[in-house]
Amino acid sequence: MIAIAIKNLSYHYPDRTPALLDINLQVKRGLKTAILGMNGSGKTTLLYHLNGVIPVESGEVQVFGTPVVKERITEVRRMVGLLFDNPDNQLFSTTLRNDIAFGPRNLRLEPALVHRKVEEAMQLLSIEDLADRPPYCLSLGQKKRAAIAGLISMEPQVLVFDEPFSGLDPALGRQFRELLDELVSGGCTLVYSTHDVDLAYAWADEVVLMHSGRVLKSGPVDLLCDEKTMMRANLPVPLLGRLFQGWNEKPRTLEEALNLMGSTGLAKGKRLQA
Ligand SMILES: Nc1ncnc2c1ncn2[C@@H]1O[C@H](COP(=O)(O)OP(=O)(O)OP(=O)(O)O)[C@@H](O)[C@H]1O
Ligand SMILES: [Mg+2]
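Residues numbered from 1 in each chain as written. Chains lettered and ligands numbered in written order. Predicted model: local features only at pLDDT ≥ 70, side-chain atom pairs only at ≥ 80, totals over all residues. Heavy atoms only, no water.

S.K.: Even after reading the chapter, I still don't get the pattern of salt bridges, so can you show me in this structure?
M.R.: For side chains of opposite charge, pairing can occur when their charged atoms come near one another. If you walk through the whole model with that rule in mind, you get nine salt bridges. In this structure, Asp 88 and Lys 143 form a salt bridge, with 3.0 Å as the shortest nitrogen-oxygen distance. With Asp 88 in the loop between β6 (80-83) and α3 (96-106) and Lys 143 in helix α5 (residues 140-152), this residue pair connects regions lying 55 residues apart in the sequence. Classification of Lys 143 as buried rests on a relative accessible area of 12%. Across the salt bridge formed by Glu 120 and Arg 116, the nearest N and O atoms sit 3.2 Å from each other. Highlighted residues: Glu 120 and Arg 116, both in helix α4 (residues 111-124), separated by four residues, approximately one helical turn. Residue classification places Arg 116 among the partly exposed residues on the basis of a relative accessible area of 46%. One salt-bridge network, in which partners are shared between bridges, spans Arg 97, Glu 119 and Asp 132. (Salt bridge = Lys/Arg side-chain N within 4 Å of Asp/Glu carboxyl O. Helix = DSSP H or I, 4+ residues; strand = E, 2+ residues; numbered from the N terminus. Buried < 20%, exposed > 50% of the residue type's maximum accessible area, 1.4 Å probe, protein only.)

S.K.: Quick question: what am I supposed to make of the domain arrangement of the protein chain here?
M.R.: Split into domains, the protein chain comes out as domain 1 (2-236) and domain 2 (244-274). Measuring from the centre of the C-alpha atoms in domain 1 to the corresponding centre in domain 2 gives 34 Å. Here domain 1 and domain 2 share an interface that buries about 430 Å² over both sides, 43% of which is from carbon and sulfur atoms. Contact with domain 2 buries area across many residues of domain 1, yet Tyr 201, Ala 202 and Glu 227 alone supply 74% of it, more than any other trio. Here domain 1 and domain 2 share zero salt bridges between them. Applying the counting criterion to the domain 1 and domain 2 interface returns three residue pairs in polar contact (both at pLDDT 80 or more). In the side of domain 1 that touches domain 2, the residues fall into five nonpolar, no polar and one charged. (Domains from an automatic or database assignment. Buried area = accessible area lost by both parts, 1.4 Å probe. Polar contact = N/O pair within 3.5 Å; in protein donor to acceptor, adjacent residues only side chain to side chain. Nonpolar A, V, L, I, M, F, W, Y, C, P; charged D, E, K, R; others polar.)

S.K.: Could you clarify how one ought to interpret the nonpolar core in this entry?
M.R.: Buried together is how nonpolar side chains tend to be arranged in soluble globular proteins. Judged by nonpolar contacts, the single largest core of 53 residues is most densely connected at Leu 36, Ile 127, Phe 161, Phe 176, Tyr 192 and Leu 224. Of all the elements, α5 adds the most residues to this core, at six residues. With residues up to four places along the chain from it excluded, the contact list for Phe 161 reads Leu 47, Gly 81, Leu 83, Leu 151, Phe 176, Leu 180, Leu 190, Val 191, Tyr 192 and Ser 193. Counting 29 residues, the second-largest nonpolar core is a separate cluster that includes Ala 3, Val 76, Met 79 and Phe 84. (Core = buried A, V, L, I, M, F, W, Y, C linked by side-chain atoms within 4.5 Å. Contact = heavy atoms within 4.5 Å.)

Right, here's the structure in full:
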């Protein structure tokens, strides 16, 4: 099933900078789709179209069949939670707890339910200790966690995250990915942008490669090992893709690589020589 359908989408910023040029793309429901591309390739501009932060100039964007247009924006924003790359664009209340409660309150949920959702979201992101602090007093990673908690508390069907892992420490990044994996296995659709090709290789089902406002190619994650396309996108092939080039089996994580090397005797042989 298609979660997001984009047809002939183009966009110019008010100063006439062309940011998106005739984008055609379909994002499948229940998958993790990573958007990759150089700085300025159009990732953020594309993601901002998915819940109407930037209104469609020409072309069409639909979320589960609902067009992303001004008249349907409340409906769309219930379905799509957008995480800005800079959490300062997302946090504005006096305390972090109030900030997280803003979304569920806006959905007019019962106060007791709002309270439960806020507590659950804070627990999931390990920020209960920060609940009464003003967001502007927090570190970047803490602000990011708060912004993510605010989105998760609204239980959107589609999560659109602009560079979600930048600024998170490695342990929190892993914890956060596990949390998102749970949401995705529950049917949630995740679209995220990243500059980390190794992360996308390990942790995406589908990828979209952008360059100069266009989608160069999109498809299953193996696309990241297509050297010609990656060169056109000015991106490196993931490390594991390079290491296991020509192998029948392609491990996507370090654990899978070690298991594969162990089962072929390669790792053992190396240890004996050492
Ligand atoms: N507010 C703006 N006004 C004018 N041009 C803009 C504005 N924001 C972005 N652009 C331009 O639009 C194009 C796409 O930018 P965008 O921010 O979508 O890229 P990106 O792929 O997200 O880059 P990055 O990896 O640096 O986050 C770039 O040429 C950029 O200079
Ligand atoms: Mg960006």
